[in-house]
Structure formats: C-alpha cells, structure tokens
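Take a look at the letters that make up each chain.
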Amino acid sequence: MLNLKDPSLLRQQCFIDGEWCDANDASTIDVVNPATGERLGTVPHMGKAETQRAIDAANAAWPAWRKKTAKERSAILRTWNDLMLANADDLALIMTAEQGKPLAEAKGEISYAASFIEWFAEEGKRVAGDTLQSPWPDRRIVVTKEPIGVCAAITPWNFPAAMITRKVGPALAAGCPIVVKPAELTPFSALALAVLGERAGLPKGVLSVLTGDSKAIGLEMTSNPIVRKVSFTGSTQVGRILMQQCAPTIKKLSLELGGNAPFIVFDDADVDAAVEGAIASKYRNAGQTCVCANRLYVQDGIYEKFAEKLVAAVSKLKVGNGVEAGVTQGPLIEEKAVVKVEQHIADALSKGARLMMGGKRHELGHSFFQPTVLADVTTSMQVAGEETFGPLAPLFRFKTEDEVIAMANDTEFGLAAYFYSRDIGRVWRVAEALESGMVGVNTGLISNEVAPFGGVKQSGLGREGSVYGMDDYLVIKYICMGGV
Ligand SMILES: NC(=O)c1ccc[n+]([C@@H]2O[C@H](COP(=O)([O-])OP(=O)(O)OC[C@H]3O[C@@H](n4cnc5c(N)ncnc54)[C@H](O)[C@@H]3O)[C@@H](O)[C@H]2O)c1
C-alpha cells in the first residue's frame, strides 16, 4: 500500500450528495499501478441510478450555492487550494501510483491543478454584466451574467487532477454545482480531491465524484434535462458521441479533444533551445499529453544537427517507476497504449523511416517503452495523421516556410503548435498561419491557468482556464427595464 502521511486521502468509495458510498449493487472496478501491475485498490462501478442521484443532489444544492456571494464561494475555493498544496506530497504519490508519471511531474501537476482553483476563486469575484445604450428614451438595457445551472464533467487519465480542477474551478466559482466522472484508470486522484473539497467546506451536493460504467454515466449526464452544461476532455471519438447525446436536450458543451501538434524547427532557430523544448513537449508524461509535439518538422539545413542533438538529449532520459529518484519517464498507461506506439514505429520503418534510437518495449516490462527517435519520416506514414500518445519523436524534413505551414495544417486537429525561429517577421507570419488554438514560439511548454486553453477544428470547442474559462459556465441575460 502507499506510504501516505494522510491515508484517508485514498478513498475507495464515491462522493455523492456529501456522502461516501458504494455502487447500489456493490460492484467494483480494480485500479492498477501501471509501473508494477499491482492492484492498488478498487472503486465503485456505478451507473445510471447513482448518476441520477448525483444530478438530483446537485439540483437541490444549486439555489443555496448560487445565492452565496462570490466572496463566500471564493473563500471555500481558496481553502480547497490551500489543502491541495498542503497535501501535495500525498496527492502526487497517489497520482504516480495510478497513472505512472514521475513523482516530480505529479507534484508539478498538483500545483498546476490547484492554480485553477486559486485562479477561479478570484475570477468568480469579477463576473460582471453591462449596461448598454438604449434605443428607447423610456427603457434601459441591462445585461447580466448568471450561473448556467447543473454541470457535468468527464475527464481523462493523463492529467488526473488538473483536468478536473480546470472544469470544477470555474463551475463552482460561477455558482454552478458539478458532477464529475474521472477516467476509470485514475479515479483515486479525483476522489482525493473530493476529500479535500469536503474538508474545505463545499456544501453537500455541490460537488459529486462518481466512478464506474463510463457509457452509462456519460449517457445520463448528457441526456438528463437537469444538466445544462457538459464539459469533456478526452478523445475526439468520444467527444463526437457526447455531442450527439447532448443534441436532444440542447446542452452547452465544451470539448477538449485530441491533438496532433506540429513542432517546427527553422534553420535560424537556436538549436539547443529547440532540443530542450522538444524534450519538454514530447517526452513529458511519456508523451501522453494532448498538446505534446507529435510531428517534428526540421528544416533541411539543420536536420542532421538537430537529430544528433535530440538523440543525445533523449539518451539522458531515465525510464523507471516514477517513485524512484531520478526517473524522468514512467510507464505508458496500459498495454493498448504500447501497442499503438509499436504500430506507429513498425509502419514508419516499413515505409523507409530511419531508427535513431529506442523503438522497442523497455526491458523493465509492464508498459514501459524506450524513448524513441525516428528520422526520415514522411507524410504517408501513420504517425503523420494520428496522435501516437507515447515517447516517439518522428522527424520530418522540409525546405520552405510555405511547405511546412501546409504540412503542419494538413490535419483535422488543431490544439497546439510550436515553432522555433529567431526571425521576428517569420514569428508573426507563422504564428498567424498555423491552424491551432495555441501556439508556442521558442517554447515547448504553454499550459497555465492564466491563458485560454483549447483547440480549433476537431480538437474541440470552448476554452478552459483564464478569464475566458468562466464563459461556458455563465448565461447571458438581457433585461429591458421600462417605465424609466
Ligand atoms: N484537449 C485537451 O485538453 C486534452 C487533455 C488531455 C487529454 N486529451 C485527449 O484525451 C485522449 C486520451 O484520453 P482518454 O484515452 O482517457 O480518452 P477517452 O476519450 O477514451 O476517455 C476520456 C473520458 O471519457 C470517458 N468515456 C469513454 N467512453 C465514453 C462514453 N461512451 N461516454 C462517456 N464517457 C466516456 C472515459 O471513461 C474517460 O473518463 C487523447 O486523445 C488526448 O489528446 C485532450
């Protein structure tokens, strides 16, 4: 078992209507440590009935929660943020155990996750309406912003804490209750956040977290007329299903979906900085991030130099169980993920790619994979069109700016894009030309709570974090005041 300072953070029950409970039929699902294959524990396997209960509880809690002043809600959120930071070591241990990322990255995610709660604790106080000039002398036009109502969130396994707080923070700050379904592979991080939310003073029903049958829970969340907004982070494939399910009841929907980020290195780039950025963007979380560099385009003149330096830097990564000192790359989340990386490598090699390093399962077994670099990758290979979601950097070659922009945009995704150049004219041209919700220029790390996170094309709808992240949880009401 995990060596936690506060063992009560590891909960094997769900949190509904202020109570810790099991599934109605007492069924459970196992949660496994991907680094060891050991069973960490179980969580309830809930379905439609428990989801209905959580939604009804949220609806009952809504009037009192929205009546609280923004300052009162903010005080609870601030306490929750403080508790997350105070318990960061335990939360990180839980996350590494169920997700696999190195402990240092897990700690980084806890502070990143808390930053959304802290940010929205403040942002909630600044929600404001407007008074518009009236076209009529005897009437006034007032615009208010109100909480949208009961919200639901479905989150992925790759950032088990931050993907939750990015949704829960603005919902609660706006005055909305929210029901959360975390990924079945990483439920303990979500339940630990709920423990701390309860301790922070969230009233019962305002936040519920339930685990179990994703299809049944998702169907109830998207079809129950009480729910007014659904926020989903995950694959484009599931996003499409949820969008269809939301259609009959016309729910507001935000979707943070898959990516296929280009990472472009121009001849005039600082090559060392580009290598450093590529390592951070590509190999963080073993390449399992939606914004990670999936296609590395390197200009002809520096192609071999960049490849050589990248291989030297990748060779320094240490693969292992994330709790061990010095480990920089943990296991992939599950066997299915390993198979996908293998397929992308086999496909590329069969079509003429050059293996620079790695390419195989790691000798540690389980779902560990060698950090891999492939050169001479071309657009006909599978990796050009799909997220690999693993520690594989495929290097494409290009000659001109126009050519690489066309290649970078030749995808149905548009979440993040990166490029390295020291030419200021090019910086603006390329940043504007890339079809992507977020662009990193001379940096491989872009996410934070201050900036709007989100995609274009089939990478999604809506923005999370920042002042823009409140909008999805608010409705605009126009009041025409006569008799003035
Ligand atoms: N854009 C972003 O902000 C962002 C962030 C992280 C991950 N992602 C994307 O998430 C994907 C990886 O995560 P994943 O494998 O957990 O994705 P996934 O779509 O398989 O699962 C995401 C969540 O949806 C649930 N789910 C699965 N099928 C469902 C259904 N039919 N109805 C309702 N819920 C269902 C899962 O249980 C999980 O909680 C990648 O494509 C990645 O790019 C995007």
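Given the structure is predicted, the values throughout are model-derived calculations rather than measurements. (Residues numbered from 1 in each chain as written. Predicted model: local features only at pLDDT ≥ 70, side-chain atom pairs only at ≥ 80, totals over all residues. Heavy atoms only, no water.)

### What about the sheet that holds strand β12 (residues 261-265)?
Here is the rule: For two strands to be treated as a pair, DSSP must find at least two bridges joining them. Working definition: helices are DSSP H or I runs of at least four residues, strands are E runs of at least two. Numbering for both runs from the N terminus. Lines are fitted to the C-alpha atoms to define the axes, a helix being fitted only along its stretch in contact, and any angle between axes, read from their N-to-C directions, falls within 0 to 180 degrees. Contacts are assigned to residue pairs with any non-hydrogen atoms lying within 4.5 Å of each other.
In space, the 7 strands of this open sheet follow the order β14-β15-β16-β13-β12-β18-β19, with mixed pairing throughout. Where the open sheet ends on each side, the last strands, each with one partner, are β14 (354-357) and β19 (438-441). Taken over all neighbouring pairs, the strand axes of this sheet differ in orientation by 20° on average, direction set aside. Across 4 bridges, the pairing between strand β13 (residues 293-299) and strand β16 (residues 392-398) is parallel. Paired with Leu-296 across the bridge in β16 is Leu-395. In this fold helix α10 (residues 303-315) packs onto β12, β13, β14, β15 (372-377) and β16, with an angle of close to 170° to the strand it touches most, β16. On the sheet, helix α11 (residues 335-350) packs against β14, β15 and β16 and is oriented at approximately 35° with respect to β15.

### Looking at the UniProt feature "domain: Aldehyde dehydrogenase" (unreviewed entry) in the protein chain
Under the convention used in this document: UniProt positions are given in the numbering used here, feature names are shortened, and annotations may be inferred rather than shown by experiment.
With numbering matched to this structure, UniProt assigns "domain: Aldehyde dehydrogenase" (unreviewed entry) to residues 20-478. Along residues 20-478, the helical share is 40% and the strand share 21%, with 41 Å between the first and last C-alpha atoms.

### What to know about a nonpolar patch on the surface
Put simply, the test is: Distance thresholds for patches are 9 Å for like charges and 5 Å for nonpolar side chains (Val, Leu, Ile, Met, Phe, Trp, Tyr), applied to residues having over 30% relative accessible area and no salt bridge. Computed with a 1.4 Å probe, the accessible areas rest on the Shrake-Rupley method; for each residue, only the protein chains presented here act as cover. Counted as salt bridges are all cases of a side-chain nitrogen of Lys or Arg within 4 Å of a carboxyl oxygen of Asp or Glu.
On the surface, Ile-479, Met-481 and Val-484 cluster together into a nonpolar patch covering about 250 Å² of accessible area. Along the chain, Ile-479 turns up in strand β22 (residues 474-481).

### Focus: the site of the ligand
We count it as follows: One heavy atom suffices: a residue is near a molecule or strand as soon as one of its heavy atoms comes within 4 Å of it. Whenever a nitrogen or oxygen atom comes within 3.5 Å of another N or O atom, the pair is scored as a polar contact, on the condition that within protein one atom can donate a hydrogen and the other can accept it, and that pairs from neighbouring residues in sequence are kept only if both atoms are in side chains. By the convention adopted, Pro, Cys, Tyr, Trp, Phe, Met, Ile, Leu, Val and Ala count as nonpolar, Lys, Arg, Asp and Glu as charged, and the other residues, Gly among them, as polar.
With respect to spatial proximity, 29 residues lie near the ligand, and among them Thr-155, Glu-184, Ser-235, Leu-257 and Glu-387 are the closest. For the ligand, an oxygen atom lies 2.9 Å from a polar atom in the side chain of Trp-157. Glu-387 places a side-chain nitrogen or oxygen 2.5 Å from an oxygen atom of the ligand. Protein contacts shield 89% of the accessible area of the ligand, which totals 850 Å² for the unbound molecule. Sort the elements by how many residues they give to the shell around the ligand and helix α7 (residues 214-223) lands first, with 3 residues. Classifying every residue of the shell around the ligand by side-chain character gives 14 nonpolar, 9 polar and 6 charged.

### A short note on the UniProt feature "active site" (unreviewed entry) in the protein chain
Which entries qualify depends on this criterion: Any residue under 20% of the maximum accessible area for its type is buried, any over 50% is exposed, and the rest in between are partly exposed; the area is computed with a 1.4 Å probe on protein chains only.
The UniProt feature table records "active site" (unreviewed entry) at Glu-256. Under the relative-accessibility criterion, Glu-256 is labelled buried at 4%.

### Comments concerning the packing of helix α3 (residues 88-99) against helix α4 (residues 103-123)
The line we're drawing: Here roughly perpendicular refers to angles of 65 to 115 degrees, roughly parallel to angles under 35, roughly antiparallel to angles over 145, and oblique to all remaining angles. Helix crossings are classified by the rotation of the near helix relative to the far one: an anticlockwise turn of less than a right angle makes the crossing left-handed, while a clockwise turn makes it right-handed.
Here α3 crosses α4 at 120°, and the two axes come no closer than 8 Å. On the basis of their axis angle, the class for α3 and α4 is oblique. Handedness of the α3/α4 crossing: right-handed. Of α4, the residues touching α3 (which contributes Ala-88, Asp-89, Leu-91, Ala-92, Leu-93, Met-95 and Thr-96) are Leu-103, Ala-106, Lys-107, Glu-109 and Ile-110. Split by residue class, the contact of α3 with α4 holds 8 nonpolar, 1 polar and 3 charged.

### Observations regarding the sheet that holds β22
Sheet architecture is open: 3 strands sit in the order β5-β6-β22, paired in antiparallel fashion. Whereas interior strands pair on both sides, the edge strands pair on one side only; in this sheet they are β5 (130-132) and β22. Neighbour to neighbour, the strand axes of the sheet diverge by 25° on average, direction disregarded. Relative to β22, strand β6 (residues 140-147) runs antiparallel, the two sharing 8 bridges. Paired with Glu-146 across the two strands is Val-475, which belongs to β22.

### A look at the packing of aromatic side chains
How we decide: Any two rings among Phe, Tyr and Trp, with Trp reduced to its six-membered ring, count as a pair given centres within 6.5 Å; such a pair is stacked if its planes are under 30 degrees apart, edge-to-face if over 60, and tilted if neither. Two thresholds decide whether a charge sits over a ring: the Lys NZ or Arg CZ must be within 6 Å of the ring centre and within 35 degrees of the ring normal.
Under the defined criterion, the tally for this structure stands at 8 aromatic pairs. Relative to Trp-20, the ring of Phe-15 lies with its centre 4.8 Å away and its plane at 35°, an arrangement referred to as tilted. Judged by its relative accessible area of 5%, Phe-15 falls in the buried class. Judged by its relative accessible area of 17%, Trp-20 is buried. Centroid distance Phe-266 to Phe-398: 5.5 Å. Interplanar angle 85°. Geometry classified as edge-to-face. Residue Phe-266 is located in the loop between β12 and α9 (271-283), and its partner Phe-398 is located in strand β16; the two are separated by 132 residues in the primary sequence. With respect to class, Phe-266 is no different from Phe-398; both count as buried. Of the aromatic side chains, those joined through ring pairs into one cluster are Phe-263, Tyr-418 and Tyr-420. Directly above the aromatic system of Trp-20 lies the positively charged group of Arg-11, at a separation of 4.6 Å from the ring centroid. Above the ring of Tyr-303, the side-chain terminus of Arg-397 is found at 3.9 Å from the ring centroid.

### Observations regarding the side chain of Glu-123
By the element assignment, Glu-123 lies in helix α4. The exposure class assigned to Glu-123 is buried, which follows from its relative accessible area of 7%. Excluding residues within four positions of it along the chain, Glu-123 makes contact with Val-467 and Met-470.

### Section: the environment of Ala-88
Relative to the elements of secondary structure, Ala-88 occurs in helix α3. Judged by its relative accessible area of 15%, Ala-88 is buried. Separated by 26 residues in sequence, Ala-88 and Ala-114 have C-alpha atoms that sit 9.5 Å apart. If we ignore the near neighbours within four places in the chain, the residues touching Ala-88 are Lys-107 and Ile-110.

### Structural notes on the pairing of β15
β15 sits mainly inside the fold: 5 of its 6 residues count as buried. The pairing of β14 with β15 spans 3 bridges and is classified as antiparallel. Each residue of the ladder has a partner; that of Arg-354, found in β15, is Ala-375. With 4 bridges connecting them, β15 and β16 associate as parallel partners. Paired with Leu-374 across the strands is Pro-394, a residue of β16.

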